[in-house]
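Per-entry structural report
Spelled out from the first residue to the last, the chains are:
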Amino acid sequence: MTDSHPASSLIIGGAASSPRAPLPVLPPLALYIHIPWCVRKCPYCDFNSHTASPVLPEEEYVDALLADLDQDLHAVYGREISSIFFGGGTPSLFSAQALGRLLKGVEQRIPFAHDIEITLEANPGTFEQEKFVAYRKLGINRLSIGIQSFQQQKLEALGRIHNGDEAVRAAGMARQAGFDNFNLDLMHGLPDQSLDDALSDLRQAIELKPTHISWYQLTLEPNTVFWNQPPVLPEDDTLWDIQEAGQALLAAHGYAQYEVSAYAKPGRPARHNLNYWSFGDFIGIGAGAHGKLSHPDGRIVRTWKTRLPKDYLDPAKSFQAGEKVLTNDEMPFEFLMNALRLTAGVESRLYPERTGLPLESLAEHRREAEQSGLMQVEPSRLAATERGQLFLNDLLQKFLS
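Residues numbered from 1 in each chain as written. Predicted model: local features only at pLDDT ≥ 70, side-chain atom pairs only at ≥ 80, totals over all residues. Heavy atoms only, no water.

So, the overall build of the chain
Across its full length, the chain carries 15 helices and 16 strands. Against the 2.2 N^0.38 benchmark of 21 Å for 401 residues, the chain shows a C-alpha radius of gyration of 21 Å, consistent with a compact globule. Its C-alpha atoms give the chain principal-axis dimensions of roughly 55 × 55 × 40 Å. Counting the 401 residues in the chain, one finds 54% classified as buried. (Helix = DSSP H or I, 4+ residues; strand = E, 2+ residues; numbered from the N terminus. Rg over C-alpha atoms; globule rule 2.2 N^0.38 Å. Buried < 20%, exposed > 50% of the residue type's maximum accessible area, 1.4 Å probe, protein only.)

Structure follows, in structure tokens:
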């Protein structure tokens, strides 16, 4: 979700001729920090992650992250950070001392909002009570724990380093460390998974009382082991049954679906991810991190950083690997591929506010989407119908010609 690439050639009816206005108010600003190392690379993972050596270059990497941030400061002068997300890889491999020095360095450069949300991704195999107590004392106030499954056979098939008992203990340790806000990451559609298997995982997750559950279907991505050696996945009918029964189970226990794969207790959606989906701004630092920044003159720029850790740590090489200024033609798709993931969509006024383009630039293709039953007929909102949520790619194609 953090590393979306702008499409290379998007032709949107009416958008190219529409002038882009200066942005009267810049969107909220977040910070994404990528820690690229894992104990072991999972066979389904297409994120920029690398197997860790016995000793991680923590000090050197923190120095590089702060130097990387320094190069982005000119574009965010006078703004504050509303959320921070440590993603990976496995950020919980880093010591509290290293993360503390990093957070202190970031706050010295950019002010933090008084109610800032700071999330750390963690895997059960890296949980140590003392370490997580120290993380909480640093101001990290939200965890995202990568469970994926509680069943040993499924965990082995996914290449995970933890077992089901460790996953259960991790949630308990998070709460004991002072985290009253945490997410559990859970997959469905796993190799040879039945409906009962999938619901058993969900029931176990719900029993641990997280404030948020990310529940998403396993997909086979290019450049992964699973892509080259595909496992046997459930049939489409089983996948549909899992989806329907799982959503009903989550709703019955008070987890409201607010995004394609995100379910939260009242008042507990992931603020950092909501910023992505509402076309907010974010700085991306770290190996392979992506960013998106708006400028008062109306320019919106996507950036991406050097992927390989050894290159990122090489002082002779640039942190930034590339950047792209979004064109008027690309803007509708860029905005909607995020906003339409939200089950309630976004207020229509957000489109001109965040893109600088008039709402009328969407009109022709919006009517086509409404007539196809994929988009709600609601002037004040841009939102998919239930059918549109199921066929989101088809809906987004309406905004490409």
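Some thoughts on the environment of L65
The topology assignment puts L65 in helix α1 (residues 58-72). A sequence separation of 247 residues divides L65 from Y312, and the C-alpha atoms of the two residues are 9.2 Å apart. If sequence neighbours within four positions are ignored, L65 has contacts with I33, H34, I35, L102, I285, G286 and Y312. (Contact = heavy atoms within 4.5 Å.)

Overview of the packing of aromatic side chains
For any pair of aromatic rings, the description rests on two quantities: the centre-to-centre distance and the angle between the ring planes. Tallied over the full model, the rule gives 12 aromatic pairs. A cation over a ring is seen here: R136 above F179, with NZ or CZ 5.8 Å from the ring centre. One cation-aromatic arrangement involves K265 over Y255; the distance from NZ or CZ to the ring centre is 4.6 Å. (Phe/Tyr/Trp six-rings, centres within 6.5 Å; stacked < 30°, edge-to-face > 60°. Lys NZ or Arg CZ within 6 Å of the ring centre and 35° of its normal.)

Observations regarding the pairing of strand β11 (residues 281-285)
The two faces of the sheet receive side chains in turn, since in a regular strand these alternate between them. The buried fraction of β11 is high, at five of five residues. Of the two faces of β11, the one carrying D281, I283 and I285 and the one carrying F282 and G284 are both buried. Bridge count between strand β1 (residues 29-35) and β11: five bridges; the pairing is parallel. Note on β11: the bridge partner recorded for I33 is I285. (Pairing = 2+ DSSP bridges.)

Quick notes on a nonpolar patch on the surface
Together, W240, L390 and F391 give the surface a local cluster of nonpolar side chains, amounting to about 310 Å² of exposed area. If you trace the backbone, F391 turns up in the loop between α14 (386-390) and α15 (392-397). Take F391: its relative accessible area is 40%, and that puts it in the partly exposed class. (Patch = residues over 30% accessible without salt bridge, like charges linked within 9 Å, V, L, I, M, F, W, Y side chains within 5 Å. Areas by Shrake-Rupley, 256 points an atom, 1.4 Å probe, with all protein chains shown as cover. Salt bridge = Lys/Arg side-chain N within 4 Å of Asp/Glu carboxyl O.)

So, unusual backbone geometry
Along the chain, G88 connects to G89 via a cis peptide bond; the corresponding omega equals 15°. Checked against the element boundaries, G89 lands in the loop between β4 (81-88) and α2 (96-109). We note that Q148 has phi near 70°; this positive angle belongs to a residue other than glycine. Under the relative-accessibility criterion, Q148 is labelled buried at 4%.

Topic: the state of the cysteines
Here the structure, examined in full by the defined rule, presents zero disulfides. We note that C38 lacks a disulfide partner, and the nearest cysteine sulfur, in C45, lies 6.3 Å from it. You can call C38 buried: its relative accessible area is 11%. Judged by its relative accessible area of 15%, C45 falls in the buried class. (Disulfide = S-S within 2.5 Å.)

A few points about helix α6 (residues 195-207)
For α6, with 13 residues, the first-to-last C-alpha span of 18 Å sits near the 18 Å given by 1.5 Å per residue. Its buried side turned inward, α6 meets β6 (142-148), β7 (182-188), β8 (212-217) and α8 (236-252). Among the residues trailing α6, K209 stands out with phi positive, at a value near 55°. (Expected span 1.5 Å × (residues − 1).)

Focus on the pairing of β1
Of all the seven residues making up β1, seven are buried; the element is thus mostly covered by neighbouring parts of the structure. The side-chain alternation of β1 yields two buried faces, one formed by L29, L31, I33 and I35 and the other by A30, Y32 and H34.

Some details on the confidence of the model for the chain
Averaged over all residues, the pLDDT of the chain is 91; the fraction at 70 or higher stands at 95%. Low pLDDT, under 50, characterises residues 1-18; the predicted model gives this stretch 51 contacts beyond four residues in sequence or across chains. (pLDDT = per-residue confidence, 0-100.)

What to know about a negative patch on the surface
Residues E235, D236, D237, D241 and E244 make up a contiguous surface patch of negative charge. Tracing the chain through its elements places D237 in helix α8. In this structure D237 comes out as exposed when scored by relative accessible area, which is 61%. (Lys, Arg positive; Asp, Glu negative; His and termini not counted. Charge placed at Lys NZ, Arg CZ, Asp CG, Glu CD.)

So, the pattern of salt bridges
When charged atoms on two side chains of opposite charge get close, those side chains can pair. Applying the stated criterion across every chain, the model contains 19 salt bridges. D68 is the salt-bridge partner of K305, the closest N and O atoms lying 2.6 Å from each other. Highlighted residues: K305 in strand β13 (residues 300-305) and D68 in helix α1, separated in sequence by 237 residues. D68 gets classed as buried once you look at its relative accessible area, which sits at 1%. D281 is the partner of K292 in a salt bridge, and the nearest nitrogen-oxygen pair spans 3.1 Å. Remark: D281 occurs in strand β11 and K292 occurs in strand β12 (residues 290-294); sequence separation between them is 11 residues. Accessibility assignment for this pair places K292 and D281 in one class, buried. Where salt bridges share partners, they join E59, D63 and R101 into one cluster.

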